[in-house]
Amino acid sequence: RFGKAKDLVCMQQDDILYKSQILVSRMADIYIVDVDAVPLYTQYFDISLIPATVFFFNATHIKIDCGRPDNTKWIGAFHTKQDFIDVVETVYKGGLYGKYIVT
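Below, the structure is looked at part by part. Not measured: the values here are computed from a predicted model.

Right, let's talk about a nonpolar patch on the surface for a bit. A grouping of L40, Y41 and Y44 is seen on the molecular surface, where their side chains present a nonpolar patch of about 420 Å² in accessible area. Take Y41: it is sitting in helix α2 (residues 39-44). You can call Y41 partly exposed: its relative accessible area is 48%.

Taken in spatial order, the 3 strands make up an open sheet running β4-β5-β7, and their pairing is mixed. Edge positions in the sheet fall to β4 (55-57) and β7 (101-102), since each has one partner strand and no second. In terms of strand pairing, β4 meets strand β5 (residues 60-64) through 3 bridges, oriented antiparallel. From the neighbouring strand, F55 faces β5, where its bridge partner is I62. Helix α3 (residues 81-96) rests against β4, β5 and β7 of the sheet, and its axis sits at about 35 degrees to β4.

We now examine the nonpolar core. Ranked by size, the top nonpolar core spans 15 residues in total, and within it F55, I64, F78, F84, V87 and V91 carry the most contacts. At the level of elements, α1 (8-20), β4, β5 and α3 are the ones that each hand at least two residues to this core. Of the residues forming this core, the biggest block, 5 residues, is contributed by α3. Within the second largest apolar cluster, 6 residues are counted, among which are F2, V35, F45 and I47.

So, about the packing of α1 against α3. At a minimum axis separation of 9 Å, α1 and α3 run at an interaxial angle of 65 degrees. For the element pair α1 / α3, the angle class is roughly perpendicular. The handedness of the crossing between α1 and α3 comes out as right-handed. Contacts from I16, L17, K19 and S20 of α1 reach α3 at K81, F84 and I85.

With that settled, the discussion passes to α1. In this model, α1 (13 residues) spans 19 Å end to end at C-alpha, consistent with the 18 Å of a helix rising 1.5 Å per residue. For α1, the set of buried residues is C10, Q13, D14, I16, L17 and S20. Buried positions in α1, seen along its axis, are confined to an arc of 160 degrees and lie on one side of it. Along α1, exposed side chains directed more than 90 degrees from the buried face belong to L8, Y18 and K19. Along its buried surface, α1 packs onto β1 (2-3), β3 (52-53) and α3. Where α1 begins, the capping side chain belongs to D7, and its oxygen is found 3.4 Å from the backbone nitrogen of V9.

Attention shifts here to the state of the cysteines. Defined simply, a disulfide is a covalent bond joining two cysteines at their sulfur atoms. In this structure the tally under the stated criterion is 0 disulfides. As a non-bridged cysteine, C66 has C10 as the owner of its nearest cysteine sulfur, 17 Å distant. When its relative accessible area of 31% is taken as the criterion, C66 is described as partly exposed.

Conventions and cut-offs
Residues numbered from 1 in each chain as written. Predicted model: local features only at pLDDT ≥ 70, side-chain atom pairs only at ≥ 80, totals over all residues. Heavy atoms only, no water. Patch = residues over 30% accessible without salt bridge, like charges linked within 9 Å, V, L, I, M, F, W, Y side chains within 5 Å. Areas by Shrake-Rupley, 256 points an atom, 1.4 Å probe, with all protein chains shown as cover. Salt bridge = Lys/Arg side-chain N within 4 Å of Asp/Glu carboxyl O. Helix = DSSP H or I, 4+ residues; strand = E, 2+ residues; numbered from the N terminus. Buried < 20%, exposed > 50% of the residue type's maximum accessible area, 1.4 Å probe, protein only. Pairing = 2+ DSSP bridges. Contact = heavy atoms within 4.5 Å. Axes fitted to C-alpha atoms, helices over the stretch in contact; angles between N-to-C directions. Core = buried A, V, L, I, M, F, W, Y, C linked by side-chain atoms within 4.5 Å. Parallel < 35°, antiparallel > 145°, perpendicular 65-115°, else oblique. Left-handed = near helix turned anticlockwise from the far one by under 90°. Expected span 1.5 Å × (residues − 1). Arc of directions from axis to C-beta. Polar contact = N/O pair within 3.5 Å; in protein donor to acceptor, adjacent residues only side chain to side chain. Disulfide = S-S within 2.5 Å.

Right, here's the structure in full:
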């Protein structure tokens, strides 16, 4: 998750990530990245809106086609813990099948 620690939406996202950490531990590792600490990656992934969640599988960037114009990352906070778990499962299964973009 790219964001800022003091941002209210980022804090909501962090809470959802924390609550779902154990449930997705076999499929994913969760990292929280401060956009001010890594400006190179913030620019590389074009992080202009926060929070933005970027997904990888075996060091390969996995894109998400969720009906939004930007499919390189998930922008905004997830509404529920289950929403996040569903996206992680989809990315994980897509990565296992060698896909670079999942729907």
